[in-house]
Amino acid sequence: MIKAGVIGATGYAGNELVRLLMQHTEVELKTVTSQRYIGKEFSEVYQNYNEINTLICQEEDIEKIAEECDVVFLALPHGVAAKKVTKEILEKTVIIDFGADFRLQNVNDYEKWYGLSHEGKQLLKQAVYGLCEINREKIKNAKLIANPGCYTTCSILSLIPLLAENLIDKNSIIIDAKSGVSGAGRGLVTESLYCEANENMKAYKVASHRHTPEIEEQLSYIAGEKITLSFTPHLTPMNRGILATCYASLKQGITKQEVRKAYEKWYAKEYFVRLTKEGVFPETKWVKGSNFIDIGFTVDERTNRIIVMGAIDNLVKGAAGQAVQNMNIVFGLKEDTGLCQVPIFPA
């Protein structure tokens, strides 16, 4: 059995991770930590675990947890993991970090977009970006995995075949993305209050969202050249889900059939990537509670643009499910182990 610890277990992403790990046949959940709920049973924080999870929320001691666990998940705010993870800890355990500290290889980009001094830059070369569908081989031997963000997972997977097969003008990419309120976390934030978010939709951090350089960096690796794009996120009045609508200009003469072949080439063998049929476009309710990403597209012949839509559950494929998928790869398990839940509908 893989012994696992979750640091920051009582946030939304941490809670979702606990739920998945408890259903995983090859995992023993040893430790959960929380700053706010030290000494409380996990089921006191989340009553849906009543008589199911009797673990006590511990005070964080990453050195001790690293000694006891084969894998430690850090479900912490950005800027925290870089201060905690050390070379000595990585010699004892695998770290899967939900934050952004080890996602960007360019330190200047991290410090500019996050407004933080990077405290763990000496470990960046060791970190592997944990988007399983493109970095599977690197993940297998990784000790430090940077779990991608939710917007980035949805956007990057939606666009990879177009860039990899050189089907679009690389300077024409626009991403218009919507997120459920759980993407803002469980902390008290005015914008996430019911009266603020309900019956409302709004763009935020326009031309300044910190997932932008992450998307650009990863797509640049795929394209083999620097990608610069426009990314606009929106908050929508739903609990969970991401819908990314991506636009780009097709190269002259590229047909819808060629685009379809590109997506089938890249994703035919990817269990968690589901391509919708022609004329059917992804909806967040079709992936809720699951580790799937649904991708659909059409070609606007009038403007010669392709419009690609991707939908994920931000707490699963966009966070906890992807982390478990990474863990499965590292420990040589079948990649879908513990992740075969059918999406919940209606929910």
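Residues numbered from 1 in each chain as written. Predicted model: local features only at pLDDT ≥ 70, side-chain atom pairs only at ≥ 80, totals over all residues. Heavy atoms only, no water.

Student: What's the story with the pattern of salt bridges in this structure? I'm lost.
Tutor: Oppositely charged side chains can pair when the atoms bearing their charge come close. Following the criterion strictly, the structure yields 19 salt bridges and no others. Its salt-bridge partner being lysine 87, residue glutamate 91 comes within 3.0 Å of it at the nearest N-O pair. Take glutamate 91 and lysine 87: they sit in the same class, and that class is exposed. Between arginine 136 and glutamate 270 there is a salt bridge, and its shortest N-O distance comes to 2.8 Å. With arginine 136 in helix α7 (residues 132-140) and glutamate 270 in the loop between α11 (256-267) and β12 (273-275), this pair connects stretches of sequence that are 134 residues apart. Through salt bridges that share partners, Glu16, Arg19, Arg240 and Asp313 make up one connected network. (Salt bridge = Lys/Arg side-chain N within 4 Å of Asp/Glu carboxyl O. Buried < 20%, exposed > 50% of the residue type's maximum accessible area, 1.4 Å probe, protein only. Helix = DSSP H or I, 4+ residues; strand = E, 2+ residues; numbered from the N terminus.)

Student: Would you take a moment to explain the packing of aromatic side chains for this structure?
Tutor: Think of a pair of aromatic rings as described by two things: how far the centres are apart, and how the planes are tilted against each other in angle. Following the criterion strictly, the structure yields nine aromatic pairs and no others. Measuring from centroid to centroid gives 5.1 Å for tyrosine 110 and tyrosine 114, while their planes differ by 20°, and the two rings are stacked. A residue pair is termed a helical-turn pair when its members lie 3 or 4 positions apart in one helix, as tyrosine 110 and tyrosine 114 do in helix α6 (residues 107-114) at four residues. Each member of the pair, tyrosine 110 as well as tyrosine 114, carries the same accessibility label: buried. Look at tyrosine 271 and phenylalanine 292: their rings are 5.5 Å apart centre to centre, the planes differ by 50°, and that puts the pair in the tilted class. A residue pair is termed long-range when its members are at least 10 positions apart, and tyrosine 271 in the loop between α11 and β12 and phenylalanine 292 in the loop between β12 and β13 (293-300) qualify at 21 residues. On the basis of relative accessibility, which here comes to 7%, the residue phenylalanine 292 falls in the buried class. Three or more aromatic residues link up through ring pairs in this structure, and these residues are Phe42, Tyr46 and Tyr49. (Phe/Tyr/Trp six-rings, centres within 6.5 Å; stacked < 30°, edge-to-face > 60°.)

Student: Could you clarify how one ought to interpret the packing of helix α1 (residues 12-22) against helix α12 (residues 316-330) in this entry?
Tutor: Taken N-terminus to C-terminus, the directions of α1 and α12 make an angle of 45°; their axes are 9 Å apart at the nearest point. Classified by the interaxial angle, the pair formed by α1 and α12 is oblique. The handedness of the crossing between α1 and α12 comes out as right-handed. Every residue of α12 that contacts α1 at Ala13, Glu16, Leu17, Leu20 and Leu21 is listed here: Val316, Ala319, Ala320, Gly321, Val324 and Met327. (Axes fitted to C-alpha atoms, helices over the stretch in contact; angles between N-to-C directions. Parallel < 35°, antiparallel > 145°, perpendicular 65-115°, else oblique. Left-handed = near helix turned anticlockwise from the far one by under 90°. Contact = heavy atoms within 4.5 Å.)

Just geometry here; none of it tells us what the structure is for.
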